[in-house]
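Structural overview for review
Residue strings, one per chain:
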Amino acid sequence: MDSTHPGHGRYGQDLFDAGHPGEAERIDDAALVYDPVTTHRLRALGAGPGLRCLEVGAGTGTVARWLLREADVAEVVAVDRDTGALAAEPRLRVVTANLTDDTLDLGTFDLIHARFVLMHLRERRHLVSRLVSLLNPGGRILLGDAAELPDAHDTSSSSAYRRTMDAMWEALRTTIGTDITGVPAYPHFLREEGLTDVAAELYCPPLLPGGPLARFWSQTWQRMRPELTATGRVDAATVDEALDYLSSPHLAELGPGLLMAWGRRR
Ligand SMILES: C[S@@+](CC[C@H](N)C(=O)[O-])C[C@H]1O[C@@H](n2cnc3c(N)ncnc32)[C@H](O)[C@@H]1O
């Protein structure tokens, strides 16, 4: 495959098969770290009784369950191409569907949330328009995806950690079309869609040796090992060194963060 072009593969098909025995745990490890900031922001955006909500690419359903159990919203529609990890819950409607299917009719919503989904889909800009079009007047949307700050010092560019992380983003791009370079533009996308009260924030959680985030990256790199080495940026020994580093007391990195952007339909 031409490594300069986004790949034609798909999340869940060409990478991160939902049937893999460790996939739900991998997603849950990230959710453990990010759910507190996501739910804090959803609460600030008015998540509460009476709202009809859409959880896009719901994964294992941690946010959908929070909306129902803690925020006490009226209903959550959870859509994902793989819904095997979504347990039944009162007022939860599970929809197994491909988001890129333009014929998908989900209804309209007071609150829409998508985290770590759009960055994996080549149609992300079009999908932002489509999701905004599903908002009721006064409805709010929260988009969250990964963002990386530049490394702190020059030598880090040659570290096993940095080379493996860079190889991962490149492998994701050339395999399934993942792109995080456009994530900081999300607030602009929401303005272009005519939304008001648009703002954004970035949360970079601590990357602690053996902690949930380190486990998440470790699982991700182990699952992507063939794709990582195929980029030519890393060999197997470098990936091993980066994996060891994630659980070592020497770990000292600012890991990728969650950029959240939100807005309200007039
Ligand atoms: C990285 S996981 C994030 C899960 C969840 N949003 C979270 O933050 O915990 C990405 C999710 O998006 C789903 N997904 C990926 N591509 C999709 C598509 N084209 N249509 C529907 N769901 C998709 C995957 O099945 C997976 O559950």
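Every value quoted in this text rests on a predicted model; they were computed, and no experiment measured them. All residue numbers refer to position in the chain's written sequence, counted from 1. Selection of residues for local features in this predicted model requires a pLDDT of at least 70, selection of side-chain atom pairs for listing and counting requires 80 or more, and totals for whole chains, interfaces and linings are taken over all residues. Side-chain measures were taken over the full set of non-hydrogen atoms in the model, leaving aside hydrogen atoms and water.

Comments concerning the overall build of the chain
- Across its full length, the chain holds 8 helices and 7 strands.
- With C-alpha atoms as the basis for the radius of gyration, the globule rule is written as 2.2 Å multiplied by the number of residues raised to the power 0.38. Compactness check: the chain gives a C-alpha radius of gyration of 18 Å against a globular reference of 18 Å for 266 residues, within 12% of the reference.
- Taking the principal axes of the C-alpha coordinates as reference, the chain spans close to 55 × 35 × 35 Å.
- Only protein chains enter the accessibility calculation, which uses a 1.4 Å probe; a residue is then buried when its area is under 20% of its type maximum, exposed when over 50%, and partly exposed in between. Each of the 266 residues in the chain was classed as buried or not, and the buried ones make up 52%.
- A fraction of 75% describes how many contacts in the chain between residues 6 or more apart in sequence connect residues 24 or more apart. The secondary structure listing takes helices from DSSP runs of H or I that are at least 4 residues long and strands from runs of E that are at least 2 residues long, numbered from the N terminus. Whether two residues are in contact is decided by their heavy atoms: any pair within 4.5 Å suffices.

With respect to the site of the ligand
- For this description, a residue counts as near a given molecule or strand if any of its non-hydrogen atoms is within 4 Å of it. The full set close to the ligand counts 14 residues, and G57, D80, N98, L99 and R115 are the nearest of them.
- R81 has a polar backbone atom sitting 3.1 Å from a nitrogen atom of the ligand.
- Side-chain polar atom of R115 to an oxygen atom of the ligand: 2.7 Å apart, as the coordinates give it.
- Per-residue and other accessible areas were derived by the Shrake-Rupley procedure at a 1.4 Å probe size, with only the shown protein chains allowed to occlude residues. When isolated, the ligand has an accessible area of 590 Å², and the protein chains bury 95% of it.
- Think of it as three bins: nonpolar holds Ala, Val, Leu, Ile, Met, Phe, Trp, Tyr, Cys and Pro, charged holds Asp, Glu, Lys and Arg, and polar takes everything else, Gly as well. Per-class residue counts for the shell around the ligand are 7 nonpolar, 3 polar and 4 charged. Here a polar contact is recorded for every N or O atom pair within 3.5 Å, except that within protein the pair must consist of a potential hydrogen donor and a potential acceptor, and residues adjacent in sequence are included only if both atoms are side-chain atoms.

Concerning the pairing of strand β1 (residues 52-56)
- Among the 5 residues of β1, 4 are classified as buried, and the element is accordingly described as predominantly covered.
- The handedness rule is simple: strands pointing away from the viewer, and a clockwise path from the first strand over the helix to the second, make the crossover right-handed. Regarding topology, helix α2 (residues 62-69) serves as the crossover connection from β1 to the parallel strand β2 (residues 75-80), and that connection is right-handed.

As for the nonpolar core
- Within the largest apolar cluster, 86 residues are counted, with the highest numbers of intra-cluster contacts made by L54, L67, W217 and W221.
- Beyond its immediate chain neighbours, meaning those up to four positions away, W217 contacts M165, M168, W169, L207, L246 and P256. As used here, the term nonpolar core means buried Ala, Val, Leu, Ile, Met, Phe, Trp, Tyr and Cys residues forming a set that is joined through side-chain atoms within 4.5 Å.

Quick word on the packing of helix α1 (residues 23-44) against α2
- Simply put, an axis is a line fit to the C-alpha atoms, just over the touching stretch for a helix, and the angle between two N-to-C directions goes from 0 to 180 degrees. Direction vectors running N to C along α1 and α2 enclose 40°, while the axes themselves pass 9 Å from each other. Compared by their axis directions, α1 and α2 come out oblique. As for how α1 packs across α2, the hand of that crossing is right-handed. Contact residues: D28, A31, D35, T38, T39, L42 and R43 in α1; T62, V63, W66 and L67 in α2.
- Of the residues belonging to the contact of α1 with α2, the class tally is 5 nonpolar, 3 polar and 3 charged. In what follows, roughly perpendicular refers to angles from 65 to 115 degrees, roughly parallel to angles under 35, roughly antiparallel to angles over 145, and oblique to any angle outside these ranges. Handedness of a crossing follows from how the near helix is turned relative to the far one, being left-handed for an anticlockwise turn of less than a right angle and right-handed for a clockwise one.

A few points about α1
- The end-to-end C-alpha separation of α1 is 30 Å, in line with the 32 Å expected for 22 residues at 1.5 Å each.
- For a residue, the bend is simply the angle between two axes, fitted respectively to the seven-residue segment ending there and the seven-residue segment starting there. The largest bend along α1 measures about 50° and falls at Y34, with the proline P36 one to four residues further on.
- Looking one or two residues beyond α1, the residue adopting positive phi is G46, at roughly 100°. Expected helix span is taken as 1.5 Å per residue step, with the number of steps being one fewer than the number of residues.

Let's talk about the packing of aromatic side chains
- For this analysis, a ring pair means two rings from Phe, Tyr or Trp (six-membered ring only for Trp) whose centres lie within 6.5 Å, classed as stacked if their planes differ by under 30 degrees, edge-to-face if by over 60, and tilted for the remaining angles. In the structure shown here, the tally under the stated rule is 8 aromatic pairs.
- Geometrically, the ring pair formed by Y161 and W221 is edge-to-face, given 6.0 Å between the ring centres and 65° between the ring planes. Of this pair, Y161 sits in helix α4 (residues 160-176) while W221 is found in helix α6 (residues 212-223), placing the two residues 60 residues apart along the sequence. Take Y161 and W221: they sit in the same class, and that class is buried.
- Between F216 and W217 the ring centres are 4.9 Å apart and the planes differ by 70°, which places this aromatic pair in the edge-to-face class.
- By relative accessible area, W217 is classed as buried at 6%.
- These aromatic residues form a ring-pair network of at least three members: Y34, F116 and Y203.

Brief notes about the UniProt feature "domain: Methyltransferase type" (unreviewed entry) in the chain
- UniProt positions are given in the numbering used here, feature names are shortened, and annotations may be inferred rather than shown by experiment. The UniProt entry lists residues 54-141 under the feature "domain: Methyltransferase type" (unreviewed entry), expressed in the numbering used here.
- Helix makes up 20% of residues 54-141 and strand makes up 32%, while its end C-alpha atoms are separated by 9 Å.

A short note on the sheet that holds strand β6 (residues 196-203)
- Here, any two strands with at least 2 DSSP bridges between them count as paired. Taken in spatial order, the 7 strands of this open sheet run β3-β2-β1-β4-β5-β7-β6, and their pairing is mixed. A strand with exactly one partner marks an edge of an open sheet, and here the two such strands are β3 (92-96) and β6. Neighbour to neighbour, the strand axes of the sheet diverge by 15° on average, direction disregarded.
- Pairing geometry for β2 and β3, over 5 bridges, is parallel. Note on β3: the bridge partner recorded for A78 is V94.

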